[in-house]
Amino acid sequence: MNIGEPLDRAAMAALAEDELDGAGPIALSTNLSPEMLAGSVVATRGMRMLAYASEGEGIGLTKSGALNRKFLAWAVEAFRWPGYETDEVYAINKVVDEIDYLPGWYLHEVMKRTKMMRKHRDRLIVSPAGREALDRPGLLQAALFPETFKGRYLPSLDGAFMGDFDLYFGLVLWRVRQSASSWASARALFEAAVLPDDAVHELADRYPDAPIHGFQLRILRMLGWFGMLECDTGGQRRFDADAYRYRATPLFDRFVHFDFSRGGDATAH
């Protein structure tokens, strides 16, 4: 089935129920090259984190279990994560703790949850799966993606959990890809992808476009982090549902494959 074709009810249900484990219509490529993954800050910076821990004695943790300041100071400089550039981070914080640096918090969480890294005493060390990913970065992209979007208890990063997107994420992913073949506003993508009974609509009590902002934070921004969407902010520093526009990158179709005829193990290679 092509991206532009309409879905029947059975296909919609299959997408909504897909666990991103290879058993449903969505398959994730695991053999993408470093060149193909160059636009994924999750994959590229995740690899740097694994390499840092592998080349040393792991990453030091605080008594509360957070990443220590030594690693975070290195990460802020080494990652140069879009939206969290070095100067901006240090303009707000004289020293950086994990709570101050969202990319570090995020990578720490998903690395542990996917068992790419594990805690050993007072350090975070690379697991056998993480060592394998150092040689095959496509494995890291494919491992972190499901936990990011289907992990019910992974907070929405900027606040309380926003919306029920994880409960039907496969359908969201299909509809975003359908609508983002050319530039589409955050509002248009929200209207195309989000179900009417999603809890994110309750955010409208804050301001009318709050649900769209929640969708942008939890879905569109994260797809951008995985290198699957590019964003044009229209010159706006603050989120604007109409000015912010998104378009699928070539990595979207290289990484995610939809096949409604497939059964059993659907992992793409």
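Below, the structure is looked at part by part. In this text the structure is predicted, and so the values were computed from the model without any measurement.

This brings us to the sheet that holds strand β6 (residues 229-232). Pairing is antiparallel in the open sheet, where three strands are placed in the order β5-β7-β6. A strand with exactly one partner marks an edge of an open sheet, and here the two such strands are β5 (184-185) and β6.

The next thing to look at is the sheet that holds strand β4 (residues 123-126). Reading across the sheet, the three strands line up as β2-β4-β3 and stay open at both edges, with antiparallel pairing between neighbours. At either margin of the open sheet sits one strand with a lone partner, and together these are β2 (59-60) and β3 (117-120). Sheet analysis places β3 next to β4, joined by four bridges and oriented antiparallel. Bridge assignment links His-120 to a residue of β4, and that residue is Arg-123.

It is worth spelling out the layout of surface pockets at this point. Size it by volume and the largest pocket reaches roughly 840 Å³. What lines the largest pocket is a set of 26 residues, and nearest its centre among them are Pro-82, Gly-83, Tyr-84, Arg-221 and Tyr-244. Counting residues per element, the ones that place at least two in the lining of the largest pocket are α4 (86-92), α10 (210-225) and β6. Examining the composition of the lining of the largest pocket, we find that seven residues originate from one element, α10, more than from any other. Among the residues making up the lining of the largest pocket, the classes are represented as 13 nonpolar, six polar and seven charged.

Membership of the largest hydrophobic core comes to 86 residues, with the highest contact counts inside it found for Met-49, Trp-81, Tyr-101, Phe-145, Leu-173 and Phe-215. Here this core takes nine residues from α10, the largest share from any one element. Setting aside residues no more than four positions away along its own chain, Met-49 makes contact with Ile-59, Leu-67, Phe-71, Phe-79, Leu-107, His-108, Met-111, Met-117 and Leu-124.

One can describe the packing of helix α6 (residues 128-135) onto helix α7 (residues 137-150) by two numbers: an axis separation of 5 Å at closest approach and a directional angle of 125 degrees. One finds that α6 runs oblique with respect to α7. Within the contact between the two elements, α6 uses Glu-132, Ala-133 and Asp-135 and α7 uses Pro-137, Leu-139 and Leu-140. Tallied by class, the residues present in the contact of α6 with α7 amount to four nonpolar, no polar and two charged.

Note: β2 against β4, two bridges, orientation antiparallel. Each residue of the ladder has a partner; that of Gly-60, found in β4, is Arg-123.

Further remarks concern unusual backbone geometry. Phi is mostly negative for residues that are not glycine, and the peptide bonds are mostly trans. With phi around 60 degrees, Leu-20 is a residue other than glycine that occupies positive phi space. Among the structural elements, Leu-20 can be located in the loop between α1 (9-17) and β1 (26-28). Assessed through its relative accessible area of 8%, Leu-20 is described here as buried. One non-glycine residue, Lys-115, lies in positive phi territory at about 65 degrees. Positionally, Lys-115 belongs in the loop between α5 (102-113) and β3.

Applying the stated criterion across every chain yields a total of 10 salt bridges. The partner of Glu-147 in a salt bridge is Arg-113, and the shortest N-O contact between them spans 3.9 Å. Of this pair, Glu-147 sits in helix α7 while Arg-113 sits in helix α5, and the two are 34 residues apart along the sequence. In this structure, the salt-bridge partner of Asp-253 is Arg-177, at a minimum N-O distance of 2.8 Å. Of this pair, Asp-253 sits in helix α11 (residues 250-255) while Arg-177 sits in helix α8 (residues 169-179), and the two are 76 residues apart along the sequence. Put simply, Glu-109, Arg-113 and Glu-147 are held in one network by salt bridges that share partners.

Turning our eyes to something else, we now look at the side chain of Ser-185. Mapped onto the elements, Ser-185 comes out in strand β5. Judged by relative accessible area, Ser-185 falls into the buried class, the value being 16%. Those residues within four positions of Ser-185 in sequence are excluded, and the remaining contacts are Ala-241, Asp-242, Tyr-244 and Arg-245.

Buried within helix α3 (residues 69-79) are the following residues: Phe-71, Leu-72, Ala-75, Val-76 and Phe-79. Projected down its long axis, α3 carries its buried residues within an arc of 135 degrees, all on one side. The elements touched by buried residues of α3 are α2 (41-55), β2, α4 and α5. Arg-80 sits one or two residues past α3 and shows a positive phi near 45 degrees.

The rules behind the values
Residues numbered from 1 in each chain as written. Predicted model: local features only at pLDDT ≥ 70, side-chain atom pairs only at ≥ 80, totals over all residues. Heavy atoms only, no water. Pairing = 2+ DSSP bridges. Helix = DSSP H or I, 4+ residues; strand = E, 2+ residues; numbered from the N terminus. 1 Å grid on protein atoms, 1.4 Å probe; cavity = no way out; pocket = protein on both sides within 12 Å on 5 of 7 lines; lining within 4 Å. Points joined across faces, edges and corners; volume = space filled by probe spheres on them. Nonpolar A, V, L, I, M, F, W, Y, C, P; charged D, E, K, R; others polar. Core = buried A, V, L, I, M, F, W, Y, C linked by side-chain atoms within 4.5 Å. Buried < 20%, exposed > 50% of the residue type's maximum accessible area, 1.4 Å probe, protein only. Contact = heavy atoms within 4.5 Å. Axes fitted to C-alpha atoms, helices over the stretch in contact; angles between N-to-C directions. Parallel < 35°, antiparallel > 145°, perpendicular 65-115°, else oblique. Salt bridge = Lys/Arg side-chain N within 4 Å of Asp/Glu carboxyl O. Arc of directions from axis to C-beta.

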